[in-house]
Amino acid sequence: MDRTLARKSVLFLGHVTFIVLFVLAWNHADLRTTSGDTAFQVFKWVNNAGWTVEAHRYSAILPQAAVKCFRLFNAPLTLLLLVASVAHVLVAYAVFLICLLGLRAPRAALATALAAVLCTRLTFYGPVLEANYLLCYPFLFFGLVEHVGRASVGVTGGVSLIIAGAITLLVHPLGWLILLFGVVYLWSVGELKVKAVLVISIGLIIGAGMVRLLFPPTVYEQTQYAHLRDSLSSLGLGAEWDSWDFLVGHTFSLTTNYLPALVVFLLVCTVLMARKHWKAAMVLFFGVVGFLALSMVTFRSGDTAIMLDRAFLPVASLIALPSVYLLWEVRGRWAMVGIVMFVLVLFIKLRDISFASRPAQEQFTRVEQLLKEMRLERLAKVEVSKAEMQGRSIDVSWSLPYATLLISSMEGPSHSATVRIERHIPNVPEDILSPEMLLSLEQTTLQLDKRYFQLPQVPYVHFPIAPHVN
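Residues numbered from 1 in each chain as written. Predicted model: local features only at pLDDT ≥ 70, side-chain atom pairs only at ≥ 80, totals over all residues. Heavy atoms only, no water.

Caption draft 1: Layout of helix α20 (residues 400-409). A large share of α20 lies buried, amounting to ten of its ten residues. The set of residues buried in α20 consists of Leu400, Pro401, Tyr402, Ala403, Thr404, Leu405, Leu406, Ile407, Ser408 and Ser409. (Buried < 20%, exposed > 50% of the residue type's maximum accessible area, 1.4 Å probe, protein only. Helix = DSSP H or I, 4+ residues; strand = E, 2+ residues; numbered from the N terminus.)

Caption draft 2: Quick look at the confidence of the model for the protein chain. When pLDDT is averaged along the protein chain, the result is 89, and 88% of the positions lie at 70 or above. A low-confidence stretch, residues 426-433 (pLDDT under 50), is modelled with five contacts involving residues beyond four sequence positions or located in other chains. (pLDDT = per-residue confidence, 0-100. Contact = heavy atoms within 4.5 Å.)

Caption draft 3: The packing of helix α6 (residues 106-118) against helix α7 (residues 137-148), seen in detail. As a packed pair, α6 and α7 sit with axes 8 Å apart at the nearest point and diverge in direction by 160 degrees. In terms of axis orientation, α6 runs roughly antiparallel to α7. By crossing handedness, the relation of α6 to α7 is classed as right-handed. On α7, the residues that touch Pro106, Arg107, Ala108, Ala111, Thr112 and Ala115 of α6 are Phe139, Phe142, Gly143 and Glu146. (Axes fitted to C-alpha atoms, helices over the stretch in contact; angles between N-to-C directions. Parallel < 35°, antiparallel > 145°, perpendicular 65-115°, else oblique. Left-handed = near helix turned anticlockwise from the far one by under 90°.)

Caption draft 4: Summary view of the pattern of salt bridges. Scanning all chains against the criterion turns up 14 salt bridges. Of the charged contacts, one joins Arg375 and Glu411 as a salt bridge, the two residues approaching to 3.9 Å between their closest N and O atoms. With a gap of 36 residues between them, Arg375 in helix α18 (residues 357-376) and Glu411 in the loop between α20 and β2 (418-421) connect regions that are remote in the sequence. When its relative accessible area of 53% is taken as the criterion, Glu411 is described as exposed. Across the pair Glu383 and Arg420 runs a salt bridge, and its minimum N-O distance is 2.7 Å. Taken as a pair, Glu383 in strand β1 (residues 381-384) and Arg420 in strand β2 lie far apart in primary sequence, 37 residues in all. Each member of the pair Glu383 and Arg420 is classed as buried. Here the salt bridges do not stand alone but share partners, grouping Arg107, Glu146, Glu191 and Glu329 into one network. (Salt bridge = Lys/Arg side-chain N within 4 Å of Asp/Glu carboxyl O.)

Caption draft 5: A nonpolar patch on the surface, seen in detail. Together, Val194, Leu198, Ile202, Ile206, Met210 and Leu214 line one region of the surface with nonpolar side chains, adding up to about 610 Å² of accessible area. Note on Ile206: relative accessible area 49%, which makes it partly exposed. (Patch = residues over 30% accessible without salt bridge, like charges linked within 9 Å, V, L, I, M, F, W, Y side chains within 5 Å. Areas by Shrake-Rupley, 256 points an atom, 1.4 Å probe, with all protein chains shown as cover.)

Caption draft 6: A look at the packing of aromatic side chains. With the rule as written, the count across this model stands at 20 aromatic pairs. For the ring pair Tyr58 and Phe215, a centre distance of 5.4 Å and an interplane angle of 50 degrees mean the geometry is tilted. Note that Tyr58 is positioned in the loop between α3 (36-47) and α4 (62-72) and Phe215 in the loop between α10 (194-214) and α11 (219-234), a separation of 157 residues in sequence. Taking relative accessible area as the criterion, Tyr58 reaches 40% and is therefore assigned partly exposed. With centroids separated by 5.2 Å and ring planes inclined at 85 degrees, the aromatic side chains of Phe285 and Phe286 adopt a geometry described as edge-to-face. We classify Phe285 as partly exposed; its relative accessible area is 37%. Overall, Phe286 belongs to the exposed group, its relative accessible area being 54%. A connected cluster of aromatic rings, assembled from ring pairs, spans Phe40, Phe43, Trp398, Tyr402, Tyr452 and Phe453. The ring of Tyr460 is capped by Arg420, whose NZ or CZ atom sits 3.8 Å from the centre of that ring. (Phe/Tyr/Trp six-rings, centres within 6.5 Å; stacked < 30°, edge-to-face > 60°. Lys NZ or Arg CZ within 6 Å of the ring centre and 35° of its normal.)

Caption draft 7: A look at the state of the cysteines. The full count for this structure, using the stated rule, is zero disulfides. Free of any disulfide, Cys136 has its nearest neighbouring cysteine sulfur in Cys99, separated by 9.7 Å. (Disulfide = S-S within 2.5 Å.)

Caption draft 8: Region of interest: the nonpolar core. The biggest cluster of nonpolar side chains holds 119 residues, and the ones touching the most others in it are Leu21, Phe141, Leu284 and Met374. Broken down by element, this core gets its largest block of residues, eleven residues, from helix α16 (residues 315-329). Excluding residues within four positions of it along the chain, Leu284 makes contact with Phe181, Tyr185, Phe265, Val268, Cys269, Leu272, Leu318, Ile319 and Pro322. Counting residues in hydrophobic clusters, the runner-up holds 24 residues, among them Phe40, Ala380, Leu405 and Tyr452. (Core = buried A, V, L, I, M, F, W, Y, C linked by side-chain atoms within 4.5 Å.)

Caption draft 9: Quick look at the sheet that holds β2. In spatial order, the strands read β2-β1-β3; together these three strands make up an open sheet with parallel pairing. The open sheet terminates on both sides in strands that have one partner only, identified here as β2 and β3 (461-463). Taking each pair of neighbouring strands and ignoring which way they run, the sheet shows an average axis angle of 40 degrees. Packed onto the sheet, α18 meets β1, β2 and β3 and runs at close to 110 degrees relative to β2. (Pairing = 2+ DSSP bridges.)

Caption draft 10: Representation of α16. Between its terminal C-alpha atoms α16 stretches 22 Å, which fits the 21 Å expected from 15 residues at 1.5 Å a residue. In terms of burial, α16 is largely enclosed, as 14 of its 15 residues are buried. (Expected span 1.5 Å × (residues − 1).)

Caption draft 11: Broad picture of the packing of α7 against helix α9 (residues 175-188). Contact geometry for α7 and α9: axes closest at 10 Å, N-to-C directions at 25 degrees. Taken together, the axes of α7 and α9 lie roughly parallel to each other. For the pair α7 and α9, the crossing hand works out as right-handed. Where α7 approaches α9, its residues Pro138, Phe141, Phe142 and Val145 are matched on the opposing element by Ile178, Leu179, Gly182, Val183 and Leu186. When grouped by side-chain class, the residues that make up the contact of α7 with α9 number eight nonpolar, one polar and no charged. (Nonpolar A, V, L, I, M, F, W, Y, C, P; charged D, E, K, R; others polar.)

Caption draft 12: Spotlight on the side chain of Thr255. Looking at where Thr255 falls in the secondary structure, it is placed in the loop between α12 (242-253) and α13 (259-274). Excluding residues that lie within four positions of it along the chain, Thr255 makes contacts with Arg121, Gly249 and His250.

The following block contains the structure:
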């Protein structure tokens with residue numbers, strides 16, 4: 001197969017990948033914006049007049065900017081939720097187009113498309129999770145490196161690399177590791193000279209240190225660092241590894257989410273060794289295994305499914321870059337084999353992402369039913385026991401008050417309602433209650449934007465209402 005035709009074919013598939021993701025984000029906008037961390041953040045984007053930057057993630061602000069823009073024109077809530085959903089996909093697609101058309105870096109562009117789906121499943125339905133941006137922002141940096149090639153970087157190129165690196169460093173605390181891996185891998189395949197690698201690597205380490213000093217870790221990050229220290233000090237002896245169970249379970253038994261990534265990883269390592277690219281094979285193998293080990297140790301004690309999924313998500317970028325560089329060089333029948341494999345992986349993973357909407361849709365429907373029952377009782381603010389939610393098969397989340405407010409208000413502000421988990425439990429001190437039992441809208445919201453949310457000034461009522469007994 002002609003190499004030029006093969007390259008054009010796979011780049012076309014890159015466009016198709018983002019178009020399909022855009023359609024999925026459009027169709028499932030309600031699911032993607034009304035649960036977990038996303039519900040809380042999107043609520044603030046819609047309700048608050050000012051800007052909200054969570055955990056110093058300044059370069060993750062583009063979807064919020066899109067929502068704020070439509071909000072200026074009094075767009076309805078359903079449209080704002082739609083904008084919030086598709087904007088995340090458009091950010092990644094924009095990186096793809098910048099690399100492809102602006103930087104003339106087709107390999108970085110194609111790697112962006114592959115990384116977008118390779119390890120993605122649950123995280124597609126939690127788009128504000130910052131790890132999602134490690135699937136696109138690093139490729140701006142790699143695209144600049146590809147654009148410059150082996151030539152001298154120069155002042156303009158150096159400034160561009162600093163800006164691209166800063167975008168990644170300001171979106172996730174582990175962004176520098178992804179960039180460092182990419183730089184070392186590009187050296188291993190002859191795309192960068194040793195001097196350039198040393199300069200860039202030192203710059204990345206200094207940059208990561210500056211970000212850490214200027215923007216201290218959040219409480220959640222501090223907790224994960226503590227887990228990491230505890231795991232390293234005890235070497236995990238005598239303890240179960242929930243992270244390992246999750247990784248294995250979602251590779252072979254519970255789902256096959258990570259199986260395509262594993263196959264691609266092993267295949268690329270094998271081909272690199274067969275072609276005697278020993279340095280590249282070693283960088284890829286130890287880079288991926290090292291990152292997985294770090295994630296497994298940090299999350300040894302487990303977390304929610306979507307947060308564990310997020311922990312392993314960036315591995316997609318580590319695998320995508322070498323895979324595309326290898327695919328770019330093969331020719332003849334091997335080019336055809338590579339394209340078939342590429343198509344198969346994209347199809348399987350896009351199908352995975354689509355099918356993952358089913359449990360999210362079931363949860364959404366159950367919450368809608370709860371809100372419908374509240375509406376029949378003319379209730380807008382209710383407390384529900386954890387047992388009641390479990391009986392309804394509704395996952396209890398700390399963001400429930402915001403999720404229910406968004407879902408109910410999609411029909412108009414006059415339908416606004418909110419649900420919180422019962423707070424006053426007999427004989428249970430409030431200081432040991434779980435976070436989801438303590439959170440209510442009043443704790444974080446001083447005023448609701450009446451264009452979108454209209455809750456009456458009434459106390460919370462326990463739901464379901466106990467029948468009157470004479």
